[in-house]
Structure formats: structure tokens, C-alpha cells
2 protein chains.
Amino acid sequence: MARVHNFSAGPAALPLGVLEETAAELLDYRGSGMSVLEMSHRSSTYQAIYDETEACLRRILSIPDTYRVLFLQGGATLEFAAIPMNLMRTGRAGYVVSGNFAKKAWEEAQRYGEAEALATSEDTHFDRIPNLAPLADRCATGGLDYVHICQNNTIFGTMYHKLPETGEVPLVADVSSCFLSLPLDVERYGLIYAGAQKNAGPAGVTVVIAREDLIEDGPALGICPSYLDFRTQASKGSMLNTPNTFGIYLCGKVFAWVEATGGLAAMEQRNRQKAELLYSILDKSSLFHGTAQPGSRSIANVTFRTGDAELDAAFIAGARERGIEGIGGHRLVGGMRASIYNAVPMESVEALAAYMQEFEAQHTSTARSL
Amino acid sequence: MARVHNFSAGPAALPLGVLEETAAELLDYRGSGMSVLEMSHRSSTYQAIYDETEACLRRILSIPDTYRVLFLQGGATLEFAAIPMNLMRTGRAGYVVSGNFAKKAWEEAQRYGEAEALATSEDTHFDRIPNLAPLADRCATGGLDYVHICQNNTIFGTMYHKLPETGEVPLVADVSSCFLSLPLDVERYGLIYAGAQKNAGPAGVTVVIAREDLIEDGPALGICPSYLDFRTQASKGSMLNTPNTFGIYLCGKVFAWVEATGGLAAMEQRNRQKAELLYSILDKSSLFHGTAQPGSRSIANVTFRTGDAELDAAFIAGARERGIEGIGGHRLVGGMRASIYNAVPMESVEALAAYMQEFEAQHTSTARSL
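These remarks concern the structure in this document. Because the structure is predicted, anything quoted here is derived from the model rather than measured.

So, about the overall build of chain A. Tallying secondary structure elements over chain A gives 11 helices and 14 strands in all. Computed over the C-alpha atoms, the radius of gyration of chain A is 21 Å, within 12% of the 21 Å expected from 2.2 N^0.38 for a compact globule of 370 residues. Within chain A, the proportion of its 370 residues that are buried is 63%. In chain A, 68% of the contacts between residues at least 6 apart in sequence involve partners at least 24 apart.

In C-alpha cells:
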């Protein structure tokens, strides 16, 4: 069967070349006589893979030397606990509640200290990034160890287009679903983290990029598990214990693909083109409507619906018949969601766009004929 | 290059057929039009992979219905924290300190409550499983939430040949390096856990098998991260968040290979044959000696040395020239270690045995001629 158009929110499409290279090396990694899957993480061959993976990420994101890069396990959900355990030194942090995962991060932090909701958009079902203006004053007042945001809200199709002003307070961002979708100014953050399974690689790897001075004193809380101790993991090169060796190797291949394909500026340009095609259809449509407010729209996840659950289901079923997969919205909200990460080609987005127009033509003429 | 003889302690050799099947499916999983690496963990195709993986493990280990099976991330090291956070209900547990990881588990537990060392073999550099006789009385005295053992000590080449009597106190075992090496009587345990990267699959998956009544009330400690909450993970089928989808899929292939190759009884028989070949050489050798006391010898990791660090280094270098990899001892102890997990064929062990004899003949004749 031909490859489908894969709009899954994660795990998600990977570049075909990455898969081909991985398959070709799977039984014998470059004459080593073994698969990367079978290779000791303490071997010089694997250490070279790890080092180049980190170096390539540092190049494409222009990560300053004052930041440490970790490749951990457990996804963003485990980081929701690790971050307060490492960083809540005075016991209070601010959270922007802009979606489901932002809220989960906020709730998890409440186990470890005072987690203050600085802004929320739950009143309008997370259809926007909340007003961030009050944050500057709150941060200036003091007493916050960090401010946490979820920079792209996968489920609700919203994204920060401007970062909040937090002054001296470190900004901590879950960037899982926009990581590598566009350039990030790493120095604007105290800590960035991302599950790899959107743009960076397979599920099972979490990338953490932390400013050294925030982690060099070790975890704020003594109950932090050793595995989640950012200082220790940094000093051990993410190998306090056996890491997800194969997942990191695959991330390395994806990073190399990003670099060879023009870097993050090129990724952003392509992602904006893909997003604009879909948003332009939504803006003109009398059947579909986007669920995110225009000023908060994501370039990674485009969420939309007809307003009729049966029609949504018919659209999703018809999509599958056309080889368009992963288009169903998150189970919390229903509707549709097209995740258009780096490895989703323009041709897939054009196929979806054509189908949306075809479906609309069919269903508005049906409506007219009734 | 031909495949090497891979004696790595983990990540470790995988069955060639598993690698071949994985490579063949890597671009298109059985007509789905995508790789398993790209597949939503919420898709019916992936759920079927997950369900069969669990079902196959239940068959080969004869896991009773009263036990839950989880596939998590973070390795045994993260479980060292998760176990006390979930199970230390009265705040005290017993630990048998039989090696490096057993000691790490004991130390980590001290963050969460009273972790009592019930027995240790550190006095003889962990060359044996300590005397377990006192445990029965201590367990009968009461006050222990569980007793923790590390059933096979990878670094020191020792293994329990009889489980301790813990009466009503649940036995919790890190079985990472003997998991699937031989049958386990699951009902003897309250909880079993294992990093997959020895016998079960790739690095990045931790298998947890827990008696339901021990986890059904949720974590003992409120500071347990949601990710590590065994009750929640069980209720979500290990998918509180995105699991290591590809790692679990590979575990499923390894489980199927174990089942098709005769199950755990056949694995044990083959592993004992491999171990006996190496131990018989050690017992007859005037150059090499095994480091584990005979009554505590592992069938998974055979540790030995010459007593001369330079000679050990020469042996390891010569091994590499013969395509024998991963034979160096753990960096904490030096010497040599042959990890002879399920996927290491008898032919590899014979190649190592022949080289040991050749090396000994060469070096004892050299010694004589001086």
C-alpha cells in the first residue's frame, strides 16, 4: 500500500528518508555487526551517535553553551512533576492555563508547592491564548520561581505568537507540539521541554533544554527521584541509567533531516504555508469552522468542525477512504484536527484541502436540495 | 560485516528474526500505509499491537488475572522511586542489598520512608546472595510494607536460586537481568519489574507486573507523580500519556519469539547450557576465575577475571579482533562479563569458550617459558 496522508497528532509522520535509512541500518549499524537496538549505551559507537544528536540539535536551535540538553523518558507528563521538584525553590510558581496539558501541568505542580494560575482561557473552552499583559506586573511583584506555559495547545489548535514578559522570572515552556516547527529564541527561556513524538522523533524520548544556573544546585525538593534530577542527568550526559537509545538515534536522524532541509526557518515557512492553506479554506467555508480564535491559531495543529457530530464523523470516515488518516479531533473535544508537523508534506495538506472542498460542495448542495 | 557475537549486558542481542521482521515492516506496518513509529497510540491498529504484546507476555509467564501488567518508561532506576511512593503505606520496607542496583534501590527508598537493610553481601564485594534465613523472622515481626530484592545482580554475576520466605509481606523484585531467562512463579511476588533491554526488547521500556490489591488504592504517598501512579497507569492501559509505542511493539515481537522457541522452560534450559559451558571452563582454568561464589552464580551474566588488569585488557582486545563484543566487565568492577541472554546463541558462547581456552594456552605457555 502507498503511504497514507498522516495527520496524527503524535506519534506522527516521520520523513520517509529517515525511515528508509533506519530500515537499511536496522540489522547492522554501519559495519558494527549489530543493530543500534542491541548496542551498549556505554559503547563508543553509541556515544558518537548520542554526541552528534545533541550537537545537531544545538546547531539547528542555536542553543547557547550555558544551556544543558537532556534526552529523558516519560513524556511531558512526567516533566509536569519533574519541573516543580527541580525548580520550586521558594515553593511558588505561576502557570498559564491555556489548554488541557497546560492545566494538567498546573494541577501536577500543586502537589509540590503553590502553583498560581496567572491567566486562563478555560472560560472560552481554551479557544485562545489568554491575555498575558498582567504577567509582567505579577512577575515584578516577586515570589515566583518560574512561569510555566504550554506554547502550543495540541488539542485546541492554539499557539503563542508572542511570549509573555516575565522579567527576571525564568520562563518554562512545554513546547512538545511546536518543537522544531519554527525557530525558538532559547535565551528567552529558563527551561524548554518537549515530547519527541510530534516533530523530533518517536514516542519515548523527552527533550529537556535547561539553563545551567537553574539546575546546577540540584533539585529543589529532596523527594525528587534520582532519575528526574536534572543536575545529575546533565552530569551523566542523560545516562544516569540506560536511556531510550534507539529513540535518541532516531531523533538524531530527524534533526539531521531538519538541518539538511533548510533548518528551522525553512520549517516555519513550510508550516505557515500548510497552515494558511487550511485556514484560508476555513475562513471561506460555510460548512467548516476553525475552533481557535484567529489571533491564537497554531501552525502545528489546525482544529475545525462542522458543528454537527454526525457530519464530522462522515467527514472523518470519508477521509480514511481517501488515505487521509489521523484527522479526528482529540477525544476530549471531538471534531477534526489536522496536525501538520514538519514531516507532513504539502501534498498531504493539498489532498486534505481538496477533500474538504469536495465534502463541502457535496454537503451544501445536499442541504440546498432538501 | 557479519553479525558479531554480542555479549553486551544491555542493550543486548536481539533475535535476528525479530530484527528482520522489524526492518521489513518499518516503512509500512502490514498495509497500514505508515510505520509503527508514526502510528497514533490511540489507533485501533496500535491498540491491537499493545493488546497482543500484553497477552503474549501473560501466556509465557502464566500471569494470573489478579495481576496488572504495565509498560512504562524510565528504567528500573525510576521504579526505585516509584515503588516506595506507591507501596510504602506504613512507611517502612525491607531491602536485601546484594549488589549495585539493589543498593541503589535501597538508597532511593530512603527518600520516602524507612528502608531497612535486611541482609547484605557488601562485606564480600557482592560475590554472593546473602543469607536469607533471617528474613522469615523479620517479616513475621511485622511492620514491613514489602521486601525488595534484585533477583539477578548484573554487575556481580549473582542470582537468587531460591526466593526468600517473606510470609505475608509482599516480595518486590527487580528482575531486569533475568526477566524471561527462566520461568518465574508470579504468585510468589507482590510486584515484579524489569527494564526491557536485556531479554525483553529495546531500552526505553520498563515492564511492571503488580498484584492488583497492592495498587488498587493508589499511591501511598501524595507526592507520587501521576506518571508513576500504578493504579492510574493500570486503569489507562499504560497510556496515561503516550507510551514508548515502538519499544512496546518490539517487546511484543521478542515475546512472540520466546513463545515460538519453546517458552521460558526452553529458555532456561538453553541458558543453563550456555552458563555451564563457561563455568566449567572457569572451574578448570588456572588463568581465569569466576567472581561469583558457586552457589550464587547467575545464568544470565557470567563474570570472571584473570586477576591481572593488563591481561584482562589484552583478553578483551583480542576478543574484539575475533568479533566477540561487549565482554568487558562493568566499569565499577573491571574484569570480564559475558551476558548470555536468550538471544545470544550457543554458537557465540562456544566462540567465547574457544577463545578463552586459546588465550589461556597462549598465556600459560608464555608464563612457563619465562
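Additional details are given in the paragraphs that follow.
To continue, consider the relation of the copies chain B and chain A. Mapping chain B onto chain A calls for a rotation angle of 180° and an axial translation of 0.0 Å; the resulting RMSD is 0.0 Å. These values place the two chain copies in the arrangement generated by a two-fold rotation axis. For chain B, the minimum C-alpha distance to the rotation axis belongs to Ala23(B) and amounts to 2.5 Å. When you check the interface residues of chain B against chain A, 100% turn up at the interface there too, and the contact is symmetric in its surfaces.

Okay, the sheet that holds strand E11 (residues 289-290) of chain B next. All names here are of chain B. Reading across from one edge, E11-E12-E14 is the order of the 3 strands in this open sheet, with antiparallel pairing throughout. A strand with exactly one partner marks an edge of an open sheet, and here the two such strands are E11 and strand E14 (336-339). Bridge count for E11 against strand E12 (residues 301-305) is 2 bridges, and the pairing is antiparallel. Residue pairing for E12: His 289 is matched across the bridge by Arg 305. In the packing of helix H9 (residues 263-284) onto the sheet, the strands contacted are E11, E12 and E14, and the crossing angle to E12 comes to about 20°.

Glancing now at helix H4 (residues 100-109) of chain B. Looking at H4(B), one finds that the buried residues are Asn100(B), Ala102(B), Ala105(B), Glu108(B) and Ala109(B). Buried residues in H4(B) make contact with helix H3 (75-87), strand E3 (92-97), strand E4 (114-120), strand E5 (147-150) and strand E6 (152-153) of chain B.

Let us now look at the packing of aromatic side chains. Residues and elements named next belong to chain A. Per the stated rule, a full pass over the model turns up 29 aromatic pairs over all chains. Between Tyr 50 and Phe 71 the ring centres are 5.6 Å apart and the planes differ by 80°, which places this aromatic pair in the edge-to-face class. Remark: Phe 71 occurs in strand E2 (residues 67-72) and Tyr 50 occurs in helix H2 (residues 44-61); sequence separation between them is 21 residues. Given a relative accessible area of 2%, Tyr 50 falls into the buried group.

All names here are of chain A. Evaluation of the coordinates by the stated rule reveals 38 salt bridges over all chains. When the shortest N-O distance is used, the salt bridge between Glu 259 and Arg 59 registers 2.7 Å. Taken together, the residues Glu 259 in helix H8 (residues 245-260) and Arg 59 in helix H2 connect sequence positions 200 residues apart. Overall, the relative accessible area of 33% leaves Glu 259 in the partly exposed class.

Procedures and definitions
- Residues numbered from 1 in each chain as written.
- Chains lettered and ligands numbered in written order.
- Predicted model: local features only at pLDDT ≥ 70, side-chain atom pairs only at ≥ 80, totals over all residues.
- Heavy atoms only, no water.
- Helix = DSSP H or I, 4+ residues; strand = E, 2+ residues; numbered from the N terminus.
- Rg over C-alpha atoms; globule rule 2.2 N^0.38 Å.
- Buried < 20%, exposed > 50% of the residue type's maximum accessible area, 1.4 Å probe, protein only.
- Contact = heavy atoms within 4.5 Å.
- Least-squares fit on C-alpha atoms with pLDDT ≥ 70 in both.
- Pairing = 2+ DSSP bridges.
- Axes fitted to C-alpha atoms, helices over the stretch in contact; angles between N-to-C directions.
- Phe/Tyr/Trp six-rings, centres within 6.5 Å; stacked < 30°, edge-to-face > 60°.
- Salt bridge = Lys/Arg side-chain N within 4 Å of Asp/Glu carboxyl O.

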